[in-house]
Amino acid sequence: MTRPSGPVLARAFALAAALVFVTAPTPAAAQSSPVDGLTAAEIRDAVAVVEADPRLVQGAFFPLVKLREPPKAEVLAWTPGAAFRREALVQVFERAANRLSEVIVDLRGRRVVSWTVQPGRQPGVYLSEWTDAAAAIRADTRWRNAIRGRNLQPKDIYVDIWAPGAAVVPGAAPGARLLRGIAFYRGNLPNPYDRPIEGLVATVDMSTMQVIEVTDTGIKPVNTTLSGATKPPRTGFKPLVVTQPQGPSFTIDGSKVSWLGWEFRIGYSMREGPVLQRIGFAPSGPPRSIINRMSLDEIYVPYGHPDPQWAWRGAMDVGEYNTGQYLAPLAVGVDVPSNAVFLDSAAANDVSRVPANKRTFPLPHAVAIFERNGGLLFDRTDPDSFEREGRFGRELVVTWTYAIGNYTYNTEYVFQLDGGIDVSVGATGTTLNRGVSSAAEGSAFATLVAPNIAAPLHQHFFSFRIDFDVDGTANRLVEEDTHGSPAASSNAFEIDRTPITAEGFRDLSPMSNRHWIVEHATKRDAVGLPVGYRLHPESHAPAFADPSDEGLRRAPFAQHALWVTRARDGELYAAGDYPNQGQIGDGLPAFVADHQSVDGQDLVVWFATGLTHIPRVEDFPVMNREAVGFSLRPQGFFDENPALDIP
Ligand SMILES: [Cu+2]
């Protein structure tokens, strides 16, 4: 949602290879795998092949370069050491012609496999556009006059660039690629997001680079001072040290992480960032498959303010901005404890025909992996002797953070000793604020967070694509609702189990404790129950926009929390491949349109967790991390508690 300073700075550097573990000793013979993200060298090779093709026009941009993942059948059939397909997807965008092409490059054969024009489709906002769109707005006389009309100087203004979302811009050419700029006072102060300049929005046609609209709905007070008085640091902190004198209990081989019975790989995409692959677990012996692939595939952040300068704002951060290129450099003592091991990555420079050492920019410390205390795992106490049998828990945390505009999103996958996985996404940063003239104005559809500053109500939806393979690919989704059984007895309650046999969607139902189980179609545990994994929602956020709202209609995962589809190669994103200025019906509605059977099939669960953000005064000028998520727990997957062997 704004200019990403980190990647721009990082462009000054070049990185030899992506996915480098910089703290842990690198194994001598790290094996690569079909699901590994592209290395910096592979990005260079892929772009070089495209640049050698006569179809590439002068000045074209590369908004996205990522691994074209092999068909799932090939991933499942692959064994370490065997040969595998290696292909890249390179988006080519011709700015003046407003034309997107998608090029598949065979990295082994160094050749173009296909070059496909995608008429009417828009790539995500790419890095060069942040500066180019802001420059066009800064040069516009109407905009400059609007700034001066507020007794401010254009040089003191930070222009925040946004995908247009649901904006309707009179005068825009049909299908024009648009970006919008909103304004904040920067002056000589850090972080401008607590100093909104209300009422002023400019729209740029990104083909002509002309500002086609400047709307100014009137002058509101502007905060031009540093928010939050400088206070002396709180005192009394004693050192809190985490040490692992013998090193971590996990090992890393290439992209593969192994930890106390767990095994998984960490892939990477410039679109959604790190992707967990091939997740399996068994307390002893070879890991049993649980999930083939899991990623945070889309985010949707709709604002609930009716003001026309706000009604269009609904950021779809993953697909509209390719969040994978905005991974923040994680730091000990800020993001993670001192026993963390880091992973670096790299993303592609969007400018064509740059020198090879500028082709990529590094994403240092893109992923962190660490163990942490899990508190009490279990205890039982003998009723006669009071002798306790207890175990202390331990967790493996895999985490990364996207810094995208005023928000920072932090994702944590927490692996448990008993086969559980807890997934959470945290939002921190500064709320998107507006200037207001009165407390009453600031309290309508918003929270007044400071004098003349209000934070409009909004929601954050996070879609997770979870390609379950519970003990194999033949799976079944079952919905469980709990309800009272007064006919049996006033105290009685029971469970309804409803198999979801066809592609479609399901809604949250906290009042019936609704959760879902992905079961193997035929396998049973020792007592005859289906082998399965339970998905339990930990938060509940129904969309509050009207169903007719254009933004909501383009975000199917905000309409219904759970969708189930057949596992199909290429169906990776809940709002489709092209959500920027996208089309209603793309993504999940299209995937489920023919209602194929998912009964005993290879299925994918798309689960959206959400946060309804009613801002508090305490969220200003920076909000503390607020997290939402869901948990995955074995249900009948094992024949008894799989943590009985914990020492
Ligand atoms: Cu928020």
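Here's what I pulled together on the structure shown here. (Residues numbered from 1 in each chain as written. Predicted model: local features only at pLDDT ≥ 70, side-chain atom pairs only at ≥ 80, totals over all residues. Heavy atoms only, no water.)

Section: the overall build of the chain
Helix and strand counts for the chain stand at ten helices and 32 strands. In terms of overall size, the chain behaves like a compact globule, its C-alpha atoms giving a radius of gyration of 25 Å where 647 residues would be expected to give roughly 26 Å. For the C-alpha atoms alone, the extent of the chain along its principal axes is close to 80 × 65 × 55 Å. Sorting the 647 residues of the chain into buried and exposed places 55% on the buried side. The contacts in the chain between residues at least 6 apart in sequence include a share of 68% that link residues at least 24 apart. In the form shown here, the chain has an accessible surface area of approximately 26,200 Å², with 54% of it arising from carbon and sulfur atoms. Taken together, the 60 basic and 72 acidic charged side chains of the chain have centroids lying 7 Å from each other. (Helix = DSSP H or I, 4+ residues; strand = E, 2+ residues; numbered from the N terminus. Rg over C-alpha atoms; globule rule 2.2 N^0.38 Å. Buried < 20%, exposed > 50% of the residue type's maximum accessible area, 1.4 Å probe, protein only. Contact = heavy atoms within 4.5 Å. Areas by Shrake-Rupley, 256 points an atom, 1.4 Å probe, with all protein chains shown as cover. Lys, Arg positive; Asp, Glu negative; His and termini not counted. Charge placed at Lys NZ, Arg CZ, Asp CG, Glu CD.)

Observations regarding the pairing of strand β4 (residues 99-106)
Burial analysis of β4 places seven of its eight residues in the buried class, which makes it a mostly covered element. In this structure, strand β3 (residues 87-94) lies alongside β4, joined through eight bridges in antiparallel fashion. When the sheet's bridge partners are listed, Leu89 is paired in β4 with Ile104. Hairpin geometry of β3 and β4 is characterised by an intervening segment of four residues between the two adjacent antiparallel strands and by a positive phi of about 55° at Asn98. (Pairing = 2+ DSSP bridges.)

Topic: the sheet that holds strand β8 (residues 196-205)
If you walk across this open sheet you meet the four strands as β6-β7-β8-β9, and the pairing is antiparallel. Every interior strand has two partners, whereas the edge strands, β6 (157-162) and β9 (210-216), have only one. Between one strand axis and the next, the sheet turns by 30° as a mean value, whatever way the strands run. As paired strands, strand β7 (residues 178-185) and β8 are joined by seven bridges and run antiparallel to one another. (Axes fitted to C-alpha atoms, helices over the stretch in contact; angles between N-to-C directions.)

Description of the nonpolar core
Residues Leu276, Val398, Tyr413 and Phe415 are the most contacted members of the largest nonpolar core, which totals 132 residues. Look past the residues within four positions of Val398 in its chain and what remains in contact with it is Phe264, Ile266, Leu276, Val367, Ala368, Ile369, Thr411, Glu412, Tyr413 and Phe415. Phe557, Trp563, Ala574 and Ala575 belong to the second largest nonpolar core, which has 17 residues in total. (Core = buried A, V, L, I, M, F, W, Y, C linked by side-chain atoms within 4.5 Å.)

A short note on the pattern of salt bridges
Applying the stated rule across the entire model yields 43 salt bridges. The partner of Arg380 in a salt bridge is Glu389, and the shortest N-O contact between them spans 2.7 Å. On the basis of relative accessibility, which here comes to 57%, the residue Arg380 falls in the exposed class. Residue Glu389 is classed as partly exposed on the basis of its relative accessible area of 29%. A cluster of three or more residues bridged by salt bridges with shared partners is formed by Arg68, Glu74, Arg85 and Glu87. (Salt bridge = Lys/Arg side-chain N within 4 Å of Asp/Glu carboxyl O.)

Details of the sheet that holds β3
Sheet architecture is open: four strands sit in the order β2-β3-β4-β5, paired in antiparallel fashion. Looking at strand neighbours, the two that pair on one side only are β2 (65-68) and β5 (111-117), the edges of this open sheet. For this sheet the average axis-to-axis angle between neighbouring strands, irrespective of direction, equals 25°. The pairing of β2 with β3 spans four bridges and is classified as antiparallel. Note that in β3 the partner of Lys66 across the bridge is Leu89.

Re the coordination of the copper ion
At this site the copper ion is bound by Tyr407 (OH), His458 (NE2), His460 (NE2) and His613 (ND1), with donor distances of 2.0 Å. One can describe the site at the copper ion as irregular: its four donor atoms subtend angles covering 93 to 137° at the metal. Read in sequence order, the donor residues for the copper ion give the motif Y-x50-H-x1-H-x152-H. Taken as a pair, His458 in strand β24 (residues 458-468) and His613 in strand β31 (residues 603-613) lie far apart in primary sequence, 155 residues in all. The exposure class of His458 is buried, given its relative accessible area of 2%. (Donors = N, O, S within 2.8 Å, 3.2 Å for Na, K, Ca; no water. Tetrahedral: all angles 85-135°; square planar, octahedral: opposite > 155°, others 65-115°.)

Examining the packing of aromatic side chains
Here the structure, examined in full by the defined rule, presents 26 aromatic pairs. With 5.0 Å between their ring centres and 35° between their planes, Phe61 and Tyr126 make a pair best called tilted. Taken together, the residues Phe61 in the loop between α2 (40-51) and β2 and Tyr126 in the loop between β5 and α4 (127-138) connect sequence positions 65 residues apart. Ring geometry for Phe281 versus Phe638: centroids 5.8 Å apart, planes at 90°, classification edge-to-face. Pair noted here: Phe281 is in strand β13 (residues 273-281) and Phe638 is in the segment after β32 (623-635), with a separation of 357 residues, a long-range link. Phe638 shares its class with Phe281; the two are buried. Among the aromatic residues, ring-to-ring pairing joins Trp262, Phe264, Phe281, Phe415, Tyr533, Phe637 and Phe638 into one connected group. In this structure, Arg108 packs its charged tip against the face of Phe84, placed 4.8 Å from the ring centre. The aromatic ring of Tyr573 is capped on one face by Arg271, whose charged end is 3.7 Å from the ring centroid. (Phe/Tyr/Trp six-rings, centres within 6.5 Å; stacked < 30°, edge-to-face > 60°. Lys NZ or Arg CZ within 6 Å of the ring centre and 35° of its normal.)

A closer look at α2
Between the first and last C-alpha of α2 there are 16 Å, a value that for twelve residues agrees with the 16 Å anticipated at 1.5 Å per step. Listed as buried for α2 are Ala40, Glu42, Ile43, Ala46, Val47, Val49, Val50 and Glu51. The secondary structure elements touched by the buried residues of α2 are β2, β3, β4, β5, β16 (341-348) and β17 (360-381). (Expected span 1.5 Å × (residues − 1).)

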